[in-house]
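A closer look at the structure
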Amino acid sequence: MKVLALDFDGVVCDSLREVFATALATYEFMAGESALLARLRSRRGAGRWHEIDFTGDPVMVSFESMMPLGNRAEDFGVSLRALDSFLELTDQPAYDTFYGTIDPEWLKTFHREFYEQRDTARAFDTHGWLELHAPYPALLELLRRRSSDAEIALATAKDRRSAELLLAHLGVGDLFAPELILDKETGVSKIAHLTALHERLEVAFEDITFVDDKLNHLETVAPLGVRPVLAGWGFNTPREHSLAEEKGFAVANFSNVEDVLYGGGLSD
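Presented here is an overview of the structure given in this document. Since the structure is predicted, the reported quantities are computational estimates derived from the model, not experimental observations. (Residues numbered from 1 in each chain as written. Predicted model: local features only at pLDDT ≥ 70, side-chain atom pairs only at ≥ 80, totals over all residues. Heavy atoms only, no water.)

**Focus: the pattern of salt bridges**
Under the counting rule described, the total for this entry stands at 23 salt bridges. Where Lys190 meets Asp7, a salt bridge forms, and the shortest distance between an N and an O atom there is 2.9 Å. Highlighted residues: Lys190 in helix 10 (residues 190-201) and Asp7 in the loop between strand 1 (3-6) and strand 2 (13-14), separated in sequence by 183 residues. Each member of the pair, Lys190 as well as Asp7, carries the same accessibility label: buried. Between Arg72 and Glu74 there is a salt bridge whose closest N-O contact spans 3.2 Å. Owing to a relative accessible area of 8%, Glu74 belongs among the buried residues under this scheme. One network of salt bridges, in which partners are shared, links Glu141, Arg145, Arg146, Asp149 and Glu258. (Salt bridge = Lys/Arg side-chain N within 4 Å of Asp/Glu carboxyl O. Helix = DSSP H or I, 4+ residues; strand = E, 2+ residues; numbered from the N terminus. Buried < 20%, exposed > 50% of the residue type's maximum accessible area, 1.4 Å probe, protein only.)

**Observations concerning the packing of helix 1 (residues 16-31) against helix 3 (residues 58-66)**
Put simply, helix 1 and helix 3 touch, their axes get as near as 11 Å, and they point 105 degrees apart. Classified by the angle their axes make, helix 1 and helix 3 are roughly perpendicular. Here Leu16, Arg17, Val19, Phe20 and Ala23 of helix 1 lie close against helix 3, whose contacting residues are Val59, Met60, Phe63 and Glu64. Grouping the constituent residues of the contact of helix 1 with helix 3 by class yields seven nonpolar, no polar and two charged. (Axes fitted to C-alpha atoms, helices over the stretch in contact; angles between N-to-C directions. Parallel < 35°, antiparallel > 145°, perpendicular 65-115°, else oblique. Contact = heavy atoms within 4.5 Å. Nonpolar A, V, L, I, M, F, W, Y, C, P; charged D, E, K, R; others polar.)

**Overview of the side chain of Thr209**
Along the chain, the position of Thr209 falls in strand 6 (residues 208-212). With residues near it in sequence (within four places) discarded, Thr209 still touches Met1, Val3, Leu4, Ala5, Arg227, Val229 and Leu261.

**Description of empty space enclosed by the protein**
One way to see where empty space is left: roll a probe the size of a water molecule over the atoms. This model, assessed by the stated rule, comprises two cavities of 30 Å³ or more. Size it by volume and the largest cavity reaches roughly 200 Å³. A total of three residues in the lining of the largest cavity trace back to one element, the largest contributor, which is helix 6 (residues 104-124). Among the residues forming the lining of the largest cavity, the class breakdown is eight nonpolar, three polar and nine charged. Considering only enclosed or pocket space, the second largest cavity measures out at about 40 Å³ in volume. At three residues, the largest contribution of residues to the lining of the second largest cavity is made by helix 4 (residues 74-84). Tallied by class, the residues present in the lining of the second largest cavity amount to four nonpolar, two polar and three charged. (1 Å grid on protein atoms, 1.4 Å probe; cavity = no way out; pocket = protein on both sides within 12 Å on 5 of 7 lines; lining within 4 Å. Points joined across faces, edges and corners; volume = space filled by probe spheres on them.)

**What to know about the nonpolar core**
Counting residues in hydrophobic clusters, the biggest one holds 36 residues, and the most contacted among them are Phe20 and Phe63. Here the element with the most residues in this core is helix 1; it accounts for eight residues. Residues contacting Phe20, with those up to four places away along its chain left out, are Leu40, Phe54, Val59, Met60, Phe63 and Leu80. The next biggest cluster of nonpolar side chains, apart from the first, holds 35 residues, and it includes Ile152, Ala163, Val172 and Val229. (Core = buried A, V, L, I, M, F, W, Y, C linked by side-chain atoms within 4.5 Å.)

What is shown is where atoms sit, not what they do.
The structure is reproduced here in structure tokens:
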């Protein structure tokens, strides 16, 4: 391995609280009134979405269960629309079918507004916004200890400003060269991110290990020849672990991640 490319959300840090709050703020902008928002507002009171801890709330639990099935910001709106219709989409075909029923213009607007809502929340209370992201200490310690063993890159759907602030907040900003922080502007698919790394660093795809917590991302990039690794601590479930293993992808957890990434071993 010459390059270790990492997704951000669910790999470098746990961003569920921030993503859920930003998705709710965006959905409120898009939908106005809905039964789902009315119920959650009863818990929010006079506060802002980003100020309320919905950990353990059934809506947030269901929202998290659908995160592995999406790819981009608009997918958070898809999940909330499903929950607003009392649907819990449990597999990729069901999710893709429901996604196909939604107006593409609505999806495009949700995508744009999601990042505007994130920018607003981050500017309003930067410290509070950063604190919504929980680190994965075992991975961060490993990255620092083995930082000389491979180039470390970020391949994320986040905007660059958020990514840079969060890497600094997590204490690993110095491990990522600016040109190796590839954000949402790099392209829609992770294929674009990994192709950019392949070209910028002049390395073979086979020398790139890509870690993501979403199986569908790994399935998309595997034909490039990169080594796909599922981050088992991220936004996925045993369902995705089993499917990844069936496809021959490594599945990392905090007890074996060093061997999986740097020793070339497969998951237990």
